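# Structural characterization, general
Residue-level listing of the chains:
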Amino acid sequence: FGIGNRAELTLDLAGAYNTFDTVNFHSTTGFTPAVGAKLLLFDGKEWVPQIAFFTHVASPVMQNAYNDKWTAFVQPEIGFEFRNPLGKRLLLDYSLGYSWDRNPVEDFSDFVNHIQYSLYLRYLHSDGHMVSFGISNRNSAHTPTMDFDYLYQLNKNLQLNIRCSFAGGVHKEGGIIDRIHGLVGLNWMLK
């Protein structure tokens, strides 16, 4: 919900079904309602970026792969988003934030694991098409991913969003970790 040209409120609902194979077939099912707000603090000038403050509170509800009971917890997040225009059609977007979840922070490494970041290069192909590529760990697992986004503006208030994410790494026992995620969604802005 847009409030003037400096603030917006968001209501989100995400759903997920994950499957993985360890010894037996397991799955995790969940949905996440969330509310958020963003406030533009500075419009930006020349090389000084546009700066916005954001806060977001999610409540993931899930059924764990090893437990039939549904669990829920609250996950707040705060941070700053920055944007630098790089010419007429290129944008550099980046963010830095902090997220809490149900796992307590017991030492410095736990604190660092809750820091969230993103870095995206966005290309405005035309007024209604935007393509983005970047890295981020702004997801429920706090896992760094490489993301590819395509945003299509259907009309002034409605956007179609398609995202593909890839996460990879090496497990501490030496095995390779790889994850591919897909997302299709609609963003509807009320003004």
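These notes cover the structure that comes with them. (Residues numbered from 1 in each chain as written. Predicted model: local features only at pLDDT ≥ 70, side-chain atom pairs only at ≥ 80, totals over all residues. Heavy atoms only, no water.)

### Considering the overall build of the protein chain
Broken down by element type, the protein chain carries one helix and 13 strands. For the protein chain, the succession of helices and strands along the chain, N to C, is β-β-β-β-β-β-β-β-α-β-β-β-β-β. The buried share of the protein chain, reckoned over its 191 residues, is 24%. Summed over all atoms, the accessible surface of the protein chain reaches about 13,100 Å², with 63% contributed by carbon and sulfur. (Helix = DSSP H or I, 4+ residues; strand = E, 2+ residues; numbered from the N terminus. Buried < 20%, exposed > 50% of the residue type's maximum accessible area, 1.4 Å probe, protein only. Areas by Shrake-Rupley, 256 points an atom, 1.4 Å probe, with all protein chains shown as cover.)

### Description of the pairing of strand E9 (residues 115-126)
Here nine bridges tie strand E8 (residues 90-99) to E9, and the two strands are oriented antiparallel to one another. Within E9, the residue paired with tyrosine 98 across the bridge is isoleucine 115. As paired strands, E9 and strand E10 (residues 129-136) are joined by eight bridges and run antiparallel to one another. Across the sheet, leucine 121 pairs through a bridge with phenylalanine 133, a residue of E10. Hairpin connection of E9 to E10: two residues between the antiparallel strands. (Pairing = 2+ DSSP bridges.)

### Considering the pattern of salt bridges
Using the criterion set out here, one finds four salt bridges in the structure. Lysine 38 is the salt-bridge partner of glutamate 81, the closest N and O atoms lying 3.1 Å from each other. Here glutamate 81 is found in strand E7 (residues 75-85), whereas its partner lysine 38 is found in strand E3 (residues 25-42), with 43 residues between them in sequence. Taking the relative accessible area as the measure of exposure, glutamate 81 reaches 22% and is therefore partly exposed. For the salt bridge of arginine 83 with aspartate 93, the shortest nitrogen-to-oxygen distance reads 2.6 Å. Taken together, the residues span a long stretch of sequence, with arginine 83 in strand E7 and aspartate 93 in strand E8 at a distance of 10 residues. (Salt bridge = Lys/Arg side-chain N within 4 Å of Asp/Glu carboxyl O.)

### Focus on the side chain of serine 136
Within the fold, serine 136 resides in strand E10. Apart from the residues lying within four places of it in its own chain, the contact partners of serine 136 are Tyr117, Ser118, Tyr120, Thr143, Pro144, Thr145 and Asp147. (Contact = heavy atoms within 4.5 Å.)

### A look at the packing of aromatic side chains
Within a pair of aromatic rings, the relevant descriptors are the distance that separates the centres and the angle that separates the planes. All chains considered together, the criterion is met by four aromatic pairs. Judged by centre distance (6.4 Å) and plane angle (45°), the ring pair of phenylalanine 31 and tryptophan 70 falls under tilted. Here phenylalanine 31, found in strand E3, pairs with tryptophan 70, found in strand E6 (residues 70-72); they are 39 residues apart in sequence, far enough to count as distant. A residue is classified by how much of its surface remains accessible, and tryptophan 70, at 47% relative accessible area, is partly exposed. For the pair tyrosine 98 and tryptophan 100, a centre-to-centre distance of 5.2 Å together with 75° between the ring planes defines the contact as edge-to-face. By relative accessible area, which is 37% here, tryptophan 100 ends up partly exposed. (Phe/Tyr/Trp six-rings, centres within 6.5 Å; stacked < 30°, edge-to-face > 60°.)

### Here we look at the environment of valine 74
Along the polypeptide, valine 74 turns up in the loop between E6 and E7. Classification of valine 74 by relative accessible area gives exposed; the value is 53%. Separated by 15 residues in the primary sequence, valine 74 and serine 59 place their C-alpha atoms 4.5 Å from one another. Ignoring sequence-local partners within four residues, the contact set of valine 74 consists of Val57, Ala58, Ser59, Trp100 and Asp101.

Remember, this is a structural readout, not a statement about activity or role.
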